[in-house]
Structures are given as structure tokens and as C-alpha cells.
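Each chain, letter by letter, is given below.
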Amino acid sequence: MNSLSLRDPEVLGTLAILCVCAGGVVTYFALRKRPSEEELERLRRQMLVQSGRIIDGTVIDISDLGPNESGRPEGMRLILYKYEIAGVAYECSQDVTLLQDHVNIYDCRLSFPCSVRYDPHKPVNSIIVAENWSGLRDTANSVPLRRVPRTPRNPDPVTRN
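Residues numbered from 1 in each chain as written. Predicted model: local features only at pLDDT ≥ 70, side-chain atom pairs only at ≥ 80, totals over all residues. Heavy atoms only, no water.

*Asks:* Tell me about the overall build of the protein, residues and numbers included.
*Replies:* Across its full length, the protein holds 3 helices and 7 strands. Scanning the protein from its N terminus toward the C terminus, one meets helices and strands in the order α-α-β-α-β-β-β-β-β-β. Looking at the 161 residues of the protein, the share that counts as buried comes to 25%. For the protein, restricting intrachain contacts to residue pairs at least 6 apart in sequence, the fraction spanning at least 24 positions comes to 57%. For the protein, the exposed area adds up to about 12400 Å²; of that, 54% sits on carbon and sulfur atoms. (Helix = DSSP H or I, 4+ residues; strand = E, 2+ residues; numbered from the N terminus. Buried < 20%, exposed > 50% of the residue type's maximum accessible area, 1.4 Å probe, protein only. Contact = heavy atoms within 4.5 Å. Areas by Shrake-Rupley, 256 points an atom, 1.4 Å probe, with all protein chains shown as cover.)

Below, the structure written as C-alpha cells:
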């Protein structure tokens with residue numbers, strides 16, 4: 001009959017190794033660098049630019065909140081937009097405070113079409129602006145139209161060749 005004894009050197013060695021490994025795992029999780037909220041948001045935007053689908057939406061409004069209203073020292077700038085997927089209408093906002101170099105919210109045209117990138121598995125996860133992509137448009141058409149200059153008709157048949 002074999003029984004485990006705490007006086008056995010093999011059992012003591014195994015327990016010591018297990019304690020050291022568990023301590024190492026706890027230390028790793030306690031001291032590892034956690035990503036900041038800004039870094040998590042940047043990674044979310046990057047993921048949507050790389051793998052998100054694009055759909056048409058509409059810019060509803062902009063909001064520029066001061067430090068007192070937003071609870072943040074730099075304030076908060078939001079672009080509110082809406083889009084529809086499979087008959088479900090979504091109204092979302094994107095905080096573009098950190099994207100001030102890429103977008104000026106006062107240049108956004110309200111009630112104008114825009115392109116929205118969304119996660120097909122979670123359609124509420126969407127953006128309209130990122131560091132290297134923008135769904136904001138300057139014109140109401142998604143594809144800018146090229147205007148062909150009209151040539152004036154000559155009503156005088158004598159001058160025609």
C-alpha cells in the first residue's frame with residue numbers, strides 16, 4: 001500500500017515546484033502591462049478597418065462636450081450617425097477626441113450620407129473615422145460625378161461643315 005507522505009522528499013519537491021509555478025503565474029498577471037482605454041479603442045478601430053464591412057449611413061449630429069459635461073479634462077467630441085442592417089436601424093456615436101488630427105467635427109455635414117464600417121458578427125460595433133480611413137463624404141454622392149461640359153448647339157446650318 002502506497003500512501004503519500006509529506007515527509008517524502010519527492011512529494012515535497014513536487015509541491016515546492018507547483019508553488020513556485022503558481023507564484024510565477026500570479027506575479028505575471030499582477031505585473032503585466034494592461035492596455036489603456038485609448039489603446040483598446042485604437043485596436044478596435046484598426047480591427048474594423050481591416051476586417052469590417054462597409055455600409056451607407058447618415059451623419060445625424062455632432063456634439064462638443066466640455067470638461068465639466070464629459071468628466072474628462074480634454075472634453076469629448078462626438079459624431080452621431082445612423083445606419084440600417086437587415087432591417088434593424090442603429091444609431092451610434094463615435095468619440096473622435098483622439099482623432100483631431102484626422103477629422104474636424106465642425107466640417108461634418110449633418111444629414112449627409114457617410115460610409116460606416118461595422119463588425120458583421122456584432123453590427124453595433126462600428127466606426128466612421130479611423131487613423132487611416134474615413135467614411136465622411138464631401139458630396140452627397142458616394143461616387144463623385146464627373147461633369148461633361150456641354151457644347152453649345154449651333155442653330156445656323158450654313159456654318160456646319
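*Asks:* Describe the nonpolar core, naming the residues involved and giving the relevant values.
*Replies:* Core analysis: the biggest nonpolar cluster contains 17 residues, and I79, Y83, V96, I128 and V129 have the highest contact counts within it. Those elements giving two or more residues to this core turn out to be β2 (76-85), β3 (88-95) and β4 (113-119). Tallying contributions element by element places β2 first for this core, with 4 residues. When sequence neighbours within four positions are dropped, the list of residues in contact with I128 reads I79, Y81, Q94, C114, S115, V116, W133, S134, G135 and L136. One finds L48, V49, I127 and W133 within the second-largest nonpolar core, a separate group that totals 5 residues. (Core = buried A, V, L, I, M, F, W, Y, C linked by side-chain atoms within 4.5 Å.)

*Asks:* Which residues make up the packing of aromatic side chains, and what are the values?
*Replies:* Scanning all chains against the criterion turns up 3 aromatic pairs. Ring geometry for Y81 against Y83: centres 6.1 Å apart, planes inclined by 20°, an arrangement best described as stacked. The same class applies to Y81 as to Y83, namely buried. Aromatic side chains Y83 and Y90 sit 5.3 Å apart centroid to centroid with 20° between the ring planes, which places their arrangement in the stacked category. With respect to class, Y83 is no different from Y90; both count as buried. Joined through ring pairs, the aromatic side chains of Y81, Y83 and Y90 make up one cluster. Positioned over the ring face of W133 is R117, at 4.8 Å from the centre of the ring. (Phe/Tyr/Trp six-rings, centres within 6.5 Å; stacked < 30°, edge-to-face > 60°. Lys NZ or Arg CZ within 6 Å of the ring centre and 35° of its normal.)

By themselves these figures say nothing about function.
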